[in-house]
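What follows is each chain in one-letter form.
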Amino acid sequence: LAVSYVGRIAPEKNLDLLIRAFEAMERIRPNARLILVGDGPALAQLRHTHPRFVYCGARTGEDLARHYASSDAFLFPSLTETFGNVLIEAMASGLAVLGYDYAAAAEFVHHGENGLKVDFGREDAFIRQAEWLAAHPESLAGLGLRARQTASTISWEEIFQRLEDYSRRVGREKEAIRGATIRRLGFESNNPS
């Protein structure tokens, strides 16, 4: 079982949870391997404390794509993402993914269909879902196939359109709140100010 993580090797990526989740998987599948692709300030310490993991360094382009494609599952425990492109890249590579229910995972992962996701910050649930992946290797290919199908429908145009739609909705909501506040305070829009 090849389990990958791609991203910055830094404390803000919640690597402690990544390691605990992988070790839980490893108890079920002792031949499992954790593959870390990326670089960062925690790399030297991680190499020292966990020498059995596979460290690939930073990768780009086709080389990065090959690293994704060489895995079976992708764990993404980060709590600090604005979007999380690596999760979409893993899905596009046909991997069974696990992440928190926010950012990219909230938008594109349908739990149990094209990946797994857990409530934000629920480390116990994250570990349980990682264990489930290890215990059900027959499910990895199906999750990965549906993840790839989902990723193939995602375009930058769609993402920009969603952002624009969200911005317009927030603007309308803000204007509605402003109008309600003005009415509540007794100011009418026809009062000169």
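Parameters at a glance
Residues numbered from 1 in each chain as written. Predicted model: local features only at pLDDT ≥ 70, side-chain atom pairs only at ≥ 80, totals over all residues. Heavy atoms only, no water. Helix = DSSP H or I, 4+ residues; strand = E, 2+ residues; numbered from the N terminus. Rg over C-alpha atoms; globule rule 2.2 N^0.38 Å. Buried < 20%, exposed > 50% of the residue type's maximum accessible area, 1.4 Å probe, protein only. Contact = heavy atoms within 4.5 Å. Salt bridge = Lys/Arg side-chain N within 4 Å of Asp/Glu carboxyl O. Axes fitted to C-alpha atoms, helices over the stretch in contact; angles between N-to-C directions. Left-handed = near helix turned anticlockwise from the far one by under 90°. Nonpolar A, V, L, I, M, F, W, Y, C, P; charged D, E, K, R; others polar. Pairing = 2+ DSSP bridges. Right-handed = clockwise from strand over helix to strand, strands pointing away. Polar contact = N/O pair within 3.5 Å; in protein donor to acceptor, adjacent residues only side chain to side chain. Core = buried A, V, L, I, M, F, W, Y, C linked by side-chain atoms within 4.5 Å.

Visitor: Report on the overall build of the protein, specifying residues and quantitative values.
Guide: A count of helices and strands for the protein gives 8 helices and 6 strands. In sequence order, the secondary structure elements of the protein are arranged as β-α-β-α-β-α-β-α-β-α-β-α-α-α. The C-alpha radius of gyration of the protein comes to 21 Å, more than 25% above the 16 Å expected for a compact globule of 193 residues. Taking the principal axes of the C-alpha coordinates as reference, the protein spans close to 75 × 35 × 30 Å. Taken over 193 residues, the protein has a buried fraction of 44%. For the protein, restricting intrachain contacts to residue pairs at least 6 apart in sequence, the fraction spanning at least 24 positions comes to 58%.

Visitor: Just give me the short version of the pattern of salt bridges, but keep the residues and values in it.
Guide: With the rule as written, the count across this model stands at 14 salt bridges. Residues Glu12 and Arg8 are paired through a salt bridge, measuring 3.1 Å at the closest nitrogen-oxygen approach. For Arg169, the salt bridge is made with Glu173, and the minimal N-O distance between the two is 3.5 Å. Remark: Glu173 and Arg169 occur in helix α8 (residues 156-184); sequence separation between them is 4 residues, near one turn of the helix. Note on Glu173: relative accessible area 42%, which makes it partly exposed. The network of salt bridges with shared partners includes Asp16, Arg20 and Glu123.

Visitor: Please set out the packing of helix α1 (residues 15-28) against helix α6 (residues 123-135) residue by residue, giving values where relevant.
Guide: At their nearest, the axes of α1 and α6 sit 8 Å apart, and the two run at 35 degrees to each other. Crossing angle aside, the handedness with which α1 passes α6 is right-handed. Facing Leu17, Arg20, Ala21, Ala24, Met25 and Ile28 of α1, the residues of α6 in contact are Glu123, Phe126, Ile127, Ala130, Glu131, Leu133, Ala134 and Ala135. Tallied by class, residues from the contact of α1 with α6 come to 11 nonpolar, no polar and 3 charged.

Visitor: Please provide a residue-by-residue account of the pairing of strand β1 (residues 2-6), values included.
Guide: Among the 5 residues in β1, 5 count as buried, and that is most of the element. Along β1, one buried face is formed by Ala2, Ser4 and Val6 and the opposite face, lined by Val3 and Tyr5, is buried too. Pairing geometry for β1 and strand β2 (residues 33-37), over 5 bridges, is parallel. When the sheet's bridge partners are listed, Tyr5 is paired in β2 with Leu36. With respect to chirality, the unit in which β1 leads through α1 into the neighbouring parallel β2 is right-handed.

Visitor: Tell me about the side chain of Glu81, residues and numbers included.
Guide: Its location among the elements puts Glu81 in the loop between β4 (73-76) and α4 (85-92). Separated by 2.6 Å, the side chains of Glu81 and Ser78 make a polar contact. Apart from residues lying up to four places away in sequence, Glu81 is in contact with Lys13, Phe76, Tyr102 and Ala103.

Visitor: Tell me about the nonpolar core, and please be specific about residues and values.
Guide: One recurring pattern in soluble globular proteins is that nonpolar side chains are buried together. Counting residues in each nonpolar core, the largest one holds 61 residues, and the members touching the most others are Leu36, Phe74, Leu75, Leu87, Met91 and Leu133. Ranked by residue count, the leading element in this core is α1, at 8 residues. When residues no more than four places from it in sequence are discounted, the contact partners of Leu36 are Tyr5, Ile9, Leu18, Leu46, Phe53, Val54, Tyr55, Cys56 and Gly57.

Visitor: Quick one: what's the story with the sheet that holds β2, residue by residue and with numbers?
Guide: What the 6 strands build is an open sheet, ordered β3-β2-β1-β4-β5-β6; its pairing is parallel. Since the sheet does not close on itself, it has two edges, and those belong to β3 (54-57) and β6 (116-118), each with one partner. With direction set aside, neighbouring strand axes in the sheet form an average angle of 20 degrees. Here 4 bridges tie β4 to strand β5 (residues 96-100), and the two strands are oriented parallel to one another. By the bridge assignment, Phe76 is partnered in β5 with Gly99.

Visitor: Describe the environment of Ala32, naming the residues involved and giving the relevant values.
Guide: One can find Ala32 in the loop between α1 and β2. In sequence terms Ala32 and Val3 are 29 residues apart; their C-alpha atoms lie 7.2 Å from each other. Contact partners of Ala32, with chain neighbours within four places excluded, come to Leu1, Phe22 and Glu26.

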